[in-house]
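Breakdown of the fold
So you can see what is in the structure, the chains are spelled out below.
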Amino acid sequence: MHFWAGVVVSFFVLILFKAVEAPYCHLWVAGFTIAAALGKEVKDLMDYGKFDYRDAVYTIAGGALAFVLSFF
């Protein structure tokens, strides 16, 4: 589920920033994906007392395709 959340977040950011022709689109895609992954885990830490780095890694891995595509 975390992988697909990363895919959704990263492609949404990719489409948005490509539409407005923002410079450094790849950095925006990576930044938002990493922020979403870490934000979710910080929320889990506050709610359940557990920060799972593997969930964050899977979320970021889901954003890898959009990151690569952002260079084109």
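Look above for the structure.
Residue positions within a chain follow its written sequence, with the count starting from 1. At least 70 in pLDDT is required for a residue's local features to be given in this predicted model, at least 80 for side-chain atom pairs to be given and counted, and no such filter applies to totals for whole chains, interfaces and linings, which use all residues. The basis for every side-chain value is the complete set of heavy atoms in the structure, and neither hydrogens nor water enter the calculation.

**Regarding the packing of aromatic side chains**
Test applied: Two aromatic rings from Phe, Tyr or Trp, using only the six-membered ring of Trp, form a pair when their centres are within 6.5 Å; if the ring planes differ by under 30 degrees the pair is stacked, by over 60 it is edge-to-face, and anything between is tilted. Every helix listed is a DSSP run of H or I at least four residues long, and every strand listed is a run of E at least two residues long, numbered separately from the N terminus.
This model, assessed by the stated rule, comprises five aromatic pairs. With a centroid separation of 4.9 Å and an interplanar angle of 10°, the aromatic rings of Phe-17 and Trp-28 are classed as stacked. One end of the pair, Phe-17, is in helix 1 (residues 2–19); the other, Trp-28, is in helix 2 (residues 25–48), with eleven residues separating them in the sequence. Measuring from centroid to centroid gives 6.1 Å for Phe-17 and Phe-32, while their planes differ by 45°, and the two rings are tilted. In this pair, Phe-17 sits in helix 1 while Phe-32 sits in helix 2, placing the two residues 15 residues apart along the sequence. One aromatic cluster is present, formed by Phe-17, Trp-28 and Phe-32 through successive ring pairs.

**Considerations on the nonpolar core**
Stated precisely, the cut-off is as follows: Definition used in this section: a nonpolar core is a set of buried Ala, Val, Leu, Ile, Met, Phe, Trp, Tyr and Cys residues joined via side-chain atoms within 4.5 Å. Here's how the labels work: a residue is buried when its accessible area is under 20% of the maximum for its type, exposed when over 50%, partly exposed in between, all with a 1.4 Å probe on protein chains only.
In this structure, Val-13, Leu-14, Phe-17, Cys-25, Val-29 and Ala-66 together form the largest nonpolar core, which totals six residues. Put simply, the parts of the chain that give this core at least two residues each are helix 1 and helix 2. A total of three residues in this core trace back to one element, the largest contributor, which is helix 1.

**Things to note about the pattern of salt bridges**
Using the following cut-off: A carboxyl oxygen of Asp or Glu within 4 Å of a side-chain nitrogen of Lys or Arg is what we treat as a salt bridge.
Under the defined criterion, the tally for this structure stands at three salt bridges. Of the charged contacts, one joins Asp-52 and Arg-54 as a salt bridge, the two residues approaching to 3.3 Å between their closest N and O atoms. Classification of Asp-52 by relative accessible area gives buried; the value is 12%.

**What to know about the environment of Trp-4**
By secondary structure assignment, the location of Trp-4 is in helix 1. Expressed as a C-alpha distance, the spacing of Trp-4 and Tyr-58, which sit 54 residues apart in the sequence, is 8.7 Å.

**Quick look at the side chain of Glu-41**
In plain terms, the rule: Asp and Glu count as negative and Lys and Arg as positive, but His and the ends of the chain are not part of the count. Two residues qualify as a contact provided that any one of their heavy atoms is within 4.5 Å of a heavy atom in the partner residue.
Along the chain, Glu-41 falls in helix 2. Although Glu-41 lies buried, it forms no salt bridge, and the closest oppositely charged side chain, Lys-40, sits 5.2 Å away as judged by the N-O distance. If near-sequence neighbours (up to four positions away) are discounted, Glu-41 is found in contact with His-2, Lys-50, Phe-51, Asp-52, Asp-55 and Ala-56.

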